[in-house]
Structures are given as C-alpha cells and as structure tokens.
Amino acid sequence: MEHNTPKFRLRLNLFDGIVLVLALAVGGLLLWMSLKPAASEPGTAATASTVRYTVRFQRWPEGTSSIIEAGDKIVDNIKNYEMGTVVSYETVPAVNQVLDSVNHKYVQAEIEGFEDILVTIESPCTESNQGFILGGGYELRVGVTTYIKGEGYMASGPVVSVEREGQA
C-alpha cells in the first residue's frame with residue numbers, strides 16, 4: 001500500500017497577499033528604527049553654561065518695584081518652566097510712542113505715574129546653535145515676550161538682553 005500524504009500548498013488570494021506584505025513591511029520598519037543609532041546633526045552639540053538675561057516689566061505703578069527682591073525664583077506663568085533667580089533690578093521711566101501731530105512723526109513720551117523695571121535673571125542653560133534652553137526647558141530669545149511669576153507678583157515683558165557667563 002502506498003501512503004499518500006498531501007503536500008502543503010499555500011494558496012493566498014489577492015487580499016491576503018496585500019495584508020501579508022504590509023505586515024512584513026511595518027515589522028521591518030519597526031525593527032530598523034529600533035536598531036538604528038540616533039543620528040545627531042552636525043553643529044548642534046549642546047553645551048551647559050550659565051546665562052544672565054534682562055526682562056523689561058512694563059508699565060508698573062510707581063513704587064511697586066519694591067516687591068521684587070534679589071533671590072526670587074522666577075517661573076514661566078504659562079507652562080511653569082523654571083526660568084532662574086533674580087540677580088538685580090533697576091527702575092526706569094515708562095515710555096510709549098505717541099504721534100507728534102506737528103512734525104508728523106512718532107516720538108517717545110514718558111507715561112506719568114508708571115515705571116518700567118529691568119529685571120536681571122540668572123539661570124543654568126543649555127546652549128546650542130539654535131539658542132538657549134533654560135534649566136527648566138524654556139527657550140530663551142531676545143525680543144520674545146515672557147509671562148513670568150515670582151514670589152508675590154506676576155508680570156510680562158520682552159527679553160531685552162542675553163549675556164553668557166564670562167562674556168561681556
């Protein structure tokens with residue numbers, strides 16, 4: 001007697017073939033992504049340092065700058081990023097641009113009863129070609145308006161200067 005054993009034959013229809021090819025492609029892609037080393041772009045090496053920057057708190061009522069003290073911890077008011085510690089502050093007259101209707105140009109005029117406060121803050125940061133990232137994760141750039149809260153006050157204003165430690 002002859003023993004007939006049927007041979008294994010894989011019969012796939014078109015739909016089964018497409019699903020099988022897609023599953024293999026996705027599996028291969030995931031395997032490749034997990035094994036590939038992380039590529040770093042040249043020139044984006046980050047270095048740790050300390051930065052001092054100045055923020056202009058605008059149009060505060062005269063005399064209220066006394067609530068700001070050196071040593072205050074500053075936090076971003078929107079995402080609660082740590083932004084550093086107040087080193088010093090300076091009050092200057094609050095100014096605004098107004099139209100000089102006689103000469104037909106804009107001029108700077110003082111706003112009576114208000115003052116601007118230039119607050120210098122120091123923070124550890126990571127420095128790269130794209131800019132500074134403060135220790136808490138806040139991206140620091142000159143000209144960007146910051147929303148800050150300190151111990152007993154909240155303020156907003158533009159970053160007017162940035163200085164790396166050891167450079168003038």
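The rules we used
Residues numbered from 1 in each chain as written. Predicted model: local features only at pLDDT ≥ 70, side-chain atom pairs only at ≥ 80, totals over all residues. Heavy atoms only, no water. pLDDT = per-residue confidence, 0-100. Helix = DSSP H or I, 4+ residues; strand = E, 2+ residues; numbered from the N terminus. Core = buried A, V, L, I, M, F, W, Y, C linked by side-chain atoms within 4.5 Å. Buried < 20%, exposed > 50% of the residue type's maximum accessible area, 1.4 Å probe, protein only. Contact = heavy atoms within 4.5 Å. Lys, Arg positive; Asp, Glu negative; His and termini not counted. Salt bridge = Lys/Arg side-chain N within 4 Å of Asp/Glu carboxyl O. Polar contact = N/O pair within 3.5 Å; in protein donor to acceptor, adjacent residues only side chain to side chain.

A.B. asks: I keep staring at the confidence of the model for the protein and nothing clicks. Help me out?
C.D. replies: Interpreting fine coordinate detail is not advised for predicted regions of low pLDDT. In the predicted model, the protein carries a mean pLDDT of 87, and the fraction of residues at 70 or more is 91%. Mean pLDDT values for the elements of the protein range from 84 in strand β5 (residues 131-134) up to 94 in strand β2 (residues 73-76).

A.B. asks: Would you mind going over the nonpolar core with me for this structure?
C.D. replies: Across soluble globular proteins, you tend to see nonpolar side chains buried next to one another. One finds Tyr53, Phe57, Ile68 and Leu134 to be the most contacted residues of the largest nonpolar core, which totals 21 residues. Those elements that provide at least two residues to this core are β1 (47-61), β3 (82-100), β4 (105-128), β5 and β8 (154-164). Looking at this core, the element that brings in the most residues is β1, giving 5 residues. If we ignore the near neighbours within four places in the chain, the residues touching Ile68 are Phe57, Trp60, Val86, Tyr89, Ile117, Val119 and Tyr153.

A.B. asks: Explain the side chain of Asp76 to me, please; I cannot follow it from the model alone.
C.D. replies: If you trace the backbone, Asp76 turns up in strand β2. No salt bridge is formed by the buried Asp76, whose closest oppositely charged neighbour, Lys79, lies at an N-O distance of 7.1 Å. Of the polar contacts made by the side chain of Asp76, one reaches the backbone nitrogen of Lys79; its length is 2.8 Å. Residues within four places of Asp76 in sequence aside, it is in contact with Tyr81, Met83, Tyr138, Tyr147 and Lys149.

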